[in-house]
Amino acid sequence: MTIRNPILRGFNPDPSIVRVGDDYYIATSTFEWFPGVQIHHSRDLVHWHLLTRPLNRASQLNMLGDPDSCGIWAPCLSYADGLFWLIYTDVKRFGRASVAGASGASMRDFHNYLVTSPRIEGDWSDPVYLNSSGFDPSLFHDDDGRKYLLNMLWDHRPGNNRFAGIVLQEYSVKERKLIGERKNIFQGTELGFTEAPHLYKRNGWYYLLTAEGGTGWGHVVTMARSRNISGPYELHPDTYIMSARHRPDAELQRAGHASLVETRNGETYMAYLVGRPLRNRGRCTLGRETAIQKMVWDEDDWLRTLDGEGVPTIETPAPGLPVHEFPSALVREDFNSPQLPIDFQWLRTPWPEEIFSLTARPCFLRLFGRETIGSSFRQSLVARRQQSHCFSAATVVEFEPDHFQQLAGLVCYYNSTKYHYLYLSRDETVGKYLRVMSCAPDALQADAFTSSIPIPPGRPVHLRVEVDYERLHFAYRAEGADNDWRWLPQQFDASILSDECSAPGQPNFTGAFIGMACQDLAGTGKHADFDFFEYAERDFRANPFSTSAK
């Protein structure tokens, strides 16, 4: 059996993998989406399913006001002493990146925390604050019982390397804090942007795994080792053990930010971040995903890919474990449970009752109109990841707006500056209407609107989107008034929903979502009710109108 990559499709970056007995878990970043951190589970490294999101209450995480692509960065999941340990960063300010043309100051705010749980499903503890010196924190459990925190060090001073190296400091479980002095153990290679440290011990060597080159096309996995945990660390003879930076032909690009796991049989696998660019635009609308690859320790005690090429591959040998599949994800969610289906998330707030309810009207998702779409505070948007380049999605909404400041509908969303929003509203001229608002950083006009389409009042309205790579089409149908779908004449650019569509230096680390939204800019909380949500992945359609959805 082989593993086909990526194993975690769609926005699932910065994987941290761990084995506990016969179970494998991967934690990935969630940024501004709540609850925080995704943990997937597998028993064969081939089949995976989303198990839990551990940061699910205000005492653990409050991201109100966190900028786009800030919030939860690069969790580290480990297991020791009968506990799961989860380290994570909450980024409060991104600041200026080391990119020419970027605006703003170089100061950043990132706060690192630790939570624990005896069970992977939780409940997880309230957090222990660790430090704020940099991001990508990682916890290493040494075989003498001591524990160490690693993170990249941020240096805001003019003329200095922002990515100043990897620092190490001991953590005291008894005192619940870092102790002793921090030490810079690895300053990286000439490629720069040294981050994402993970430490492992094997045959008396401490192996330090880092990412370099930035999380775009120049991304790499770097390895170094030392006999002493505090260094000095010598570089791998090949320097970079995984990258697609010199291989534009590779189907998986942006390979980096890796972690290691060993099976019971002693086989080593590396989980790492990748992106799958659109063939026509080169943009990664699926965000940064997670792949895995079998590795081998050579006679010189250095880690390499099976073929020694250090290039990400679509397929890799599976470890020969018993096959363990999981039920397929549902195409249609009818919101029959008082709990939001696990595939869905919302933005920033730890108080979801302020923005949605599944009990106010049973079997419906009710969204309460709050702030503007793209708000960094209370935004009523519930959505799921796009996980395929081609898909169909649909919903039906009951919404009777009183005026133009009340909106609700179907949205394809990346962040506050990148979305296509098919929404219902009302004005004094047209009455109830439907239109699309698009926001795109690469457009001559940052926000653009289609013409208003009159919609009869008092009827549920079905909304639909068809996406084929960078091509996006919307359709609608009013119950009792339209016998078939009515297609909007415009073709929209789905490629803007990507990391790569951006002004210089802005944080863009998430991925495309599809979901439901509601705004009431008058502050009266006008609600919209959504009866269901469908998301179906499919093959490419040359004619997007050829197959009618129900």
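Residues numbered from 1 in each chain as written. Predicted model: local features only at pLDDT ≥ 70, side-chain atom pairs only at ≥ 80, totals over all residues. Heavy atoms only, no water.

Check the secondary structure of the protein and you find zero helices and 40 strands. Relative to the 2.2 N^0.38 estimate, which gives 24 Å for 550 residues, the radius of gyration of the protein is 24 Å and therefore close to what a compact globule would have. Taken along the three principal axes of its C-alpha coordinates, the protein extends 75 × 45 × 45 Å. Evaluated residue by residue, the protein yields a buried proportion of 61% over its 550 residues. (Helix = DSSP H or I, 4+ residues; strand = E, 2+ residues; numbered from the N terminus. Rg over C-alpha atoms; globule rule 2.2 N^0.38 Å. Buried < 20%, exposed > 50% of the residue type's maximum accessible area, 1.4 Å probe, protein only.)

Turning our attention to the sheet that holds strand S15 (residues 195–202). Read from one edge of the open sheet, four strands run S15-S16-S17-S18, paired in antiparallel fashion. Each edge of the sheet is formed by a strand with only one pairing partner; in this case those strands are S15 and strand S18 (234–243). Averaged over all pairs of adjacent strands, the angle between strand axes in this sheet comes to 25°, irrespective of strand direction. Relative to strand S17 (residues 220–226), strand S16 (residues 205–212) is paired through seven bridges, and the arrangement is antiparallel. When the bridges of S17 are listed, Tyr-206 appears paired with Ser-226. (Pairing = 2+ DSSP bridges. Axes fitted to C-alpha atoms, helices over the stretch in contact; angles between N-to-C directions.)

For the structure shown, the criterion picks out 34 aromatic pairs. Between Phe-31 and Phe-509, the aromatic rings sit 5.9 Å apart at their centres with planes inclined by 40°, giving tilted as the arrangement. Of the two residues, Phe-31 sits in the loop between strand S3 (23–28) and strand S4 (33–34) while Phe-509 sits in the loop between strand S38 (492–493) and strand S39 (513–520), which places them 478 residues apart along the sequence. The two residues Phe-31 and Phe-509 agree in class, both being buried. Between Tyr-413 and Tyr-419, the aromatic rings sit 6.1 Å apart at their centres with planes inclined by 10°, giving stacked as the arrangement. Its end group placed over the ring of Phe-364, Arg-361 keeps NZ or CZ at 3.6 Å from the ring centre. Directly above the ring of Tyr-414 sits Lys-418, whose terminal nitrogen or CZ lies 4.0 Å from the centroid. (Phe/Tyr/Trp six-rings, centres within 6.5 Å; stacked < 30°, edge-to-face > 60°. Lys NZ or Arg CZ within 6 Å of the ring centre and 35° of its normal.)

Most often, soluble globular proteins keep nonpolar side chains buried together rather than apart. Leu-77, Phe-356, Leu-365, Val-465, Phe-474, Ile-514 and Phe-533 are the most contacted members of the largest nonpolar core, which has 64 residues in total. For Ile-514, the contacting residues outside a window of four places in its chain are Ala-383, Arg-384, Arg-385, Gln-386, Phe-391, Ala-393, Leu-410, Val-411, Cys-412, Val-465, Phe-533 and Tyr-535. Listed in part, the 42 residues of the second largest apolar core include Phe-110, Leu-150, Ile-166 and Ala-224. (Core = buried A, V, L, I, M, F, W, Y, C linked by side-chain atoms within 4.5 Å. Contact = heavy atoms within 4.5 Å.)

Burial runs high along S3: six of the six residues are buried. Covered by surrounding structure in S3 are Asp-23, Tyr-25 and Ala-27 together with Tyr-24, Ile-26 and Thr-28, the residues of both alternating faces. Sheet topology note: the strand S2 (residues 16–20)/S3 ladder contains five bridges and is antiparallel. Paired with Ile-17 across the two strands is Ile-26, which belongs to S3. The hairpin formed by S2 and S3 contains two residues between the paired strands, and Gly-21 there has a positive phi angle of roughly 65°.

What follows deals with the side chain of Thr-30. Examined against the element boundaries, Thr-30 turns out to sit in the loop between S3 and S4. Owing to a relative accessible area of 0%, Thr-30 belongs among the buried residues under this scheme. If near-sequence neighbours (up to four positions away) are discounted, Thr-30 is found in contact with Phe-11, Pro-35, Gly-36, Val-37, Gln-38, Ile-72, Gln-345 and Arg-385.

Excluding glycine, a negative phi dihedral is what most residues carry, and trans is how most peptide bonds are arranged. For the bond running from Phe-34 to Pro-35, omega is -5°, close enough to zero to count as cis. Following the sequence through the fold, Pro-35 ends up in the loop between S4 and strand S5 (38–42). Residue Asp-123 follows Gly-122 across a cis peptide bond; omega there is 5°. Within the secondary structure, Asp-123 is located in the loop between strand S9 (109–117) and strand S10 (128–131). Of note in this structure, Asp-136 is not a glycine but carries a positive phi near 60°. Turning to its location among the elements, Asp-136 is positioned in the loop between S10 and strand S11 (138–141). Taking the relative accessible area as the measure of exposure, Asp-136 reaches 5% and is therefore buried. If you check the backbone angles, Ala-196 has positive phi at about 55° while not being a glycine.

No statement about biological role is implied by the geometric values presented.
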